[in-house]
Amino acid sequence: MKNEKFIRLFLLFFFFLILFKTPVFAQSNYVLSYPSSMPGSLSYKIHFIYENVSRYWYFGDFGQFEYNLKLADKYLVEAKTLFEYKQYLLGYKALKKSDQYFINILPNLIRAGKNGKNTFQKKAVLNEASQKHIEILREIENRVPSSFIWEPEKSTPTSLDLKKAFSESIHFREKDI
Amino acid sequence: MKKIIIPLYGAFLLLFSIFSYAFVDPNLSYLKDFYSDFAFSNRLLTTIFYAFSIVIFFVFYSVFIYLGVKKKLSFKDVFVLLGITIGILFFSYPAMLSYDIFNYIATSKVYFFYQENPYVVMPFEFIGDPLLSFTHAANKIALYGPLWIFLTGIPYFLGFGNFIITLFSFKFFIAIFYLGTISLIWKMSKNIIPVILFSLNPLVVIETLISGHNDIVMIFFVLLSFFLLTKKKVFFAVLFFILSILIKYSTILLLPVFLYAIWKIAEKKEINWKTIFYFSSLLMYIAFLLSPIREEIYPWYAIWFIPFAFLVPDKKILLYTSITFSFSLLLRYTPYMLTGTYAGQTPFIKEIVSFIPPVLVFIYYYGLKKKI
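Residues numbered from 1 in each chain as written. Chains lettered and ligands numbered in written order. Predicted model: local features only at pLDDT ≥ 70, side-chain atom pairs only at ≥ 80, totals over all residues.

Student: I would appreciate a short explanation of the overall build of chain A in the present structure.
Tutor: From N to C terminus, chain A includes six helices and two strands. Moving toward the C terminus, one meets the helices and strands of chain A in the order α-α-α-α-α-β-β-α. Sequence-distant contacts, at least 24 apart, represent 66% of the contacts inside chain A between residues at least 6 apart. (Helix = DSSP H or I, 4+ residues; strand = E, 2+ residues; numbered from the N terminus. Contact = placed C-beta atoms within 7 Å.)

Student: Any chance you could explain the overall build of chain B here in plain terms?
Tutor: Looking only at helices and strands, chain B features 18 helices and zero strands. In terms of C-alpha radius of gyration, chain B reaches 20 Å, essentially the compact-globule figure of 21 Å for 372 residues. With respect to the principal axes defined by its C-alpha atoms, chain B has extents near 60 × 45 × 40 Å. Per-residue burial over chain B gives 46% buried out of 372 residues. Within chain B, residue pairs in contact and separated by at least 24 positions form 70% of the contacts whose partners lie at least 6 positions apart. (Rg over C-alpha atoms; globule rule 2.2 N^0.38 Å. Buried ≥ 20, exposed ≤ 12 C-beta atoms within 10 Å, placed from the backbone.)

Student: Would you mind going over the interface of chain A and chain B with me for this structure?
Tutor: A common measure of how large an interface is: the accessible area buried when the components associate. Across the contact, 11 residues belong to chain A and 10 residues belong to chain B. At the level of secondary structure, the elements contributing two or more residues to the side of chain A that touches chain B comprise α3 (61–84) and α5 (120–141) of chain A. For the side of chain A that touches chain B, the element with the highest residue contribution is α3(A), accounting for three residues. In the side of chain A that touches chain B, the residues fall into five nonpolar, four polar and two charged. (Nonpolar A, V, L, I, M, F, W, Y, C, P; charged D, E, K, R; others polar.)

Student: Just to check I follow, could you spell out helix α13 (residues 255–266) of chain B for this structure?
Tutor: Think of an α-helix as 3.6 residues a turn; residues three or four steps apart then line up on the same face. All names here are of chain B. Given a rise of 1.5 Å per residue, 12 residues ought to cover 16 Å, and the 16 Å separating the end C-alpha atoms of α13 matches this to within 8%. When α13 is considered as a whole, its buried residues turn out to be Val-257, Phe-258 and Ala-261. Angularly, the buried residues of α13 cover 100° about the axis, an arc narrow enough to put them on a single face. Along α13, the residues that are exposed and aim more than 90 degrees away from the buried face are Leu-255, Pro-256, Leu-259, Trp-263 and Ala-266. In the core, the buried residues of α13 are packed alongside α11 (215–230), α12 (234–248) and α14 (273–290). Phi for Lys-268, located one or two positions after α13, is positive at around 55°. (Expected span 1.5 Å × (residues − 1). Arc of directions from axis to C-beta.)

Student: When you look at helix α8 (residues 163–189) of chain B in this model, what are you seeing that I'm missing?
Tutor: Here α8(B) spans 39 Å end to end across 27 residues, near enough to the 39 Å set by a 1.5 Å rise per residue. Looking at the residues trailing α8(B), positive phi occurs at B:Lys190, about 50°.

Student: Honestly, the nonpolar core in this entry has me stumped. Any pointers?
Tutor: As a rule of thumb, soluble globular proteins bury nonpolar side chains together. Counting 143 residues, the largest nonpolar core has B:Val217, B:Phe221, B:Ala302, B:Ile303 and B:Phe305 as its most contacted members. With residues near it in sequence (within four places) discarded, B:Phe305 still touches B:Ser281, B:Met284, B:Tyr285, B:Phe288 and B:Ser322. (Core = buried A, V, L, I, M, F, W, Y, C linked by C-beta atoms within 7 Å.)

Student: What is the right way to look at the packing of helix α4 (residues 75–89) of chain B against helix α10 (residues 202–210) of chain B in this model?
Tutor: The axes of two packed helices give the description: the angle between them and the distance between them. Residue and element names in this part refer to chain B. One way to put it is that α4 packs onto α10 with a least axis distance of 10 Å and a crossing angle of 45°. Relative to α10, α4 is oriented oblique. Crossing of α4 against α10: the hand is right-handed. In this structure, α4 uses Thr-85, Ile-86 and Leu-89 to contact α10, whose residues at the interface are Val-205, Leu-209 and Ile-210. (Axes fitted to C-alpha atoms, helices over the stretch in contact; angles between N-to-C directions. Parallel < 35°, antiparallel > 145°, perpendicular 65-115°, else oblique. Left-handed = near helix turned anticlockwise from the far one by under 90°.)

Student: What is the right way to read the environment of B:Leu97 from this model?
Tutor: Residue and element names in this part refer to chain B. For Leu-97, the position within the fold is in the loop between α4 and α5 (100–112). Separated by 32 residues in sequence, Leu-97 and Ile-65 place their C-alpha atoms 26 Å apart. Those residues in contact with Leu-97, other than ones at most four positions away along the chain, are Ser-211 and Tyr-333.

Student: Whenever I open this one, the packing of helix α1 (residues 2–20) of chain B against helix α3 (residues 43–69) of chain B confuses me. Can you help?
Tutor: Residues and elements named next belong to chain B. Interhelical geometry of α1 versus α3 gives an angle of 155° and a closest axis separation of 11 Å. Viewed along their axes, α1 and α3 adopt a mutual orientation that is roughly antiparallel. Between α1 and α3 lies a crossing of left-handed hand. Contacts between α1 and α3 involve Lys-2, Ile-5, Tyr-9, Phe-12, Phe-16 and Phe-19 from the former and Phe-49, Ser-53, Ile-56, Phe-60, Val-63 and Leu-67 from the latter. Split into classes, the residues belonging to the contact of α1 with α3 amount to 10 nonpolar, one polar and one charged.

Student: What's the story with the environment of B:Arg332 in this structure? I'm lost.
Tutor: Residues and elements named next belong to chain B. With respect to the helices and strands, Arg-332 occurs in the loop between α16 (316–331) and α17 (334–339). Overall, the presence of 21 C-beta atoms within 10 Å leaves Arg-332 in the buried class. Along the sequence, Arg-332 and Ala-51 sit 281 residues apart, while their C-alpha atoms lie 10.0 Å from each other. Filtering out sequence-adjacent residues up to four positions away, Arg-332 remains in contact with Pro-299, Lys-350, Val-353 and Ser-354.

Student: Would you explain the confidence of the model for chain B in this entry?
Tutor: When pLDDT is low, close inspection of the predicted coordinates is not appropriate. Residue and element names in this part refer to chain B. The share of residues in chain B with pLDDT of 70 or more is 99%, and the mean pLDDT across the chain is 94. Helix α18 (residues 346–369) is the least confidently modelled element of chain B, averaging 86 in pLDDT, while α10 averages 98, the highest of any element. For this predicted complex, the interface score ipTM comes out at 0.83, alongside a pTM of 0.88. (pLDDT = per-residue confidence, 0-100.)

Now the structure itself:
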């Protein structure tokens, strides 16, 4: 008898769990990296130097494709984290960096194609990445104000047009889909 | 006796070279005229023939060592034997036992043809490249040192874009380092026995002249480095030691021995080179035994310790263990050859075949006779 009651409660619990569970649909299979070190730390500066040096390590059209995509991802994740912590100025800067690296991706693929390399797979990866980036950007855009005035101590304030920044970022990525 | 044995050895090598073409990959369109499917559809027969050939190889090897010890094999005879060995095995099919030579070519192509960094971009990213149909590790970034990739530019460009010429250019390139290593062993030992032991060792011959593994290049540079140390040319010795590490990294384990030799030179003290080679061999044994951490023990890794072990042939335990390893590691191919799978019992049998004979020899000499 006790067992029967327990089973009923158990099934009821699952029923409600399924009923009220918010469905989450993955829009893209593309997986972004975890956020690495954040601005202000020593390791961030070291990472920054490493990034600039590794630009030469990733030579070649496909190499540059990998390099720019990797850093576009990295700075997008960084921007997302910073916006979540309301560090709007740093988040804005990270978003602009992500945009810059993202813009550099396509010319490398075009060059690879001109050099006789089959870019079919890389284009598919870029497409997936663009979709994932847009998904993330839309998610953050809904959580941040459309504009913000960053007022640091003993320094001039900076006005951030976040709405414009997000629509630009989404626009760059939509071009590649 | 040697008048019979040398032509017999040549005939045997010729047969073995012909046998190597039984392993031509079905996807290797460049050699489709040589493809017979024999090794893949007659597994038992192929395995028996291969194992029997290895035994014959070692019978010849033992005879050559015997003749050398009895001073019945002159330097000229060894030279003739080397000429026959290189001349015949150069034409053998290189992917009989390992596909590494295809990986070398694919990596070289990534760098020299596609102008991409092989440590970043994998060969399989070049969709439609004809090498992909038969290159087995196309889904890996470059595994070897940068100097190796740089050096492969020589055979790659000598191939003039033709795959078959490129394939044999790689074999020719490796054969040059094989000869260079033999010459260094001779210069350092001034004794024909280490030369016979190394140059006619079946594992060295098969893995270098047939499969074209780059381990011989790494060993050549490290031996050259030790040779330069014997001449007290420390700067060039350090340079070639670094170059050796930049081929395949394993020789980094020789650093303590190398630094010890430099220290002895700096102190103007006498160096016991036999001790140096003895410890180098032991360190390379450690590198060999540690290789499963990265992947697995491959037969050609024995080339790391064999030259050092043979430079001190009076260290009987090292000598006999190394010769036994040469034999057992060549038999390591047989479980896969027979079953056609790397799964199931194959890995276990491979370990048994590879390690039981050398362990028995080691126990016999170390545990029972204590003849070190």
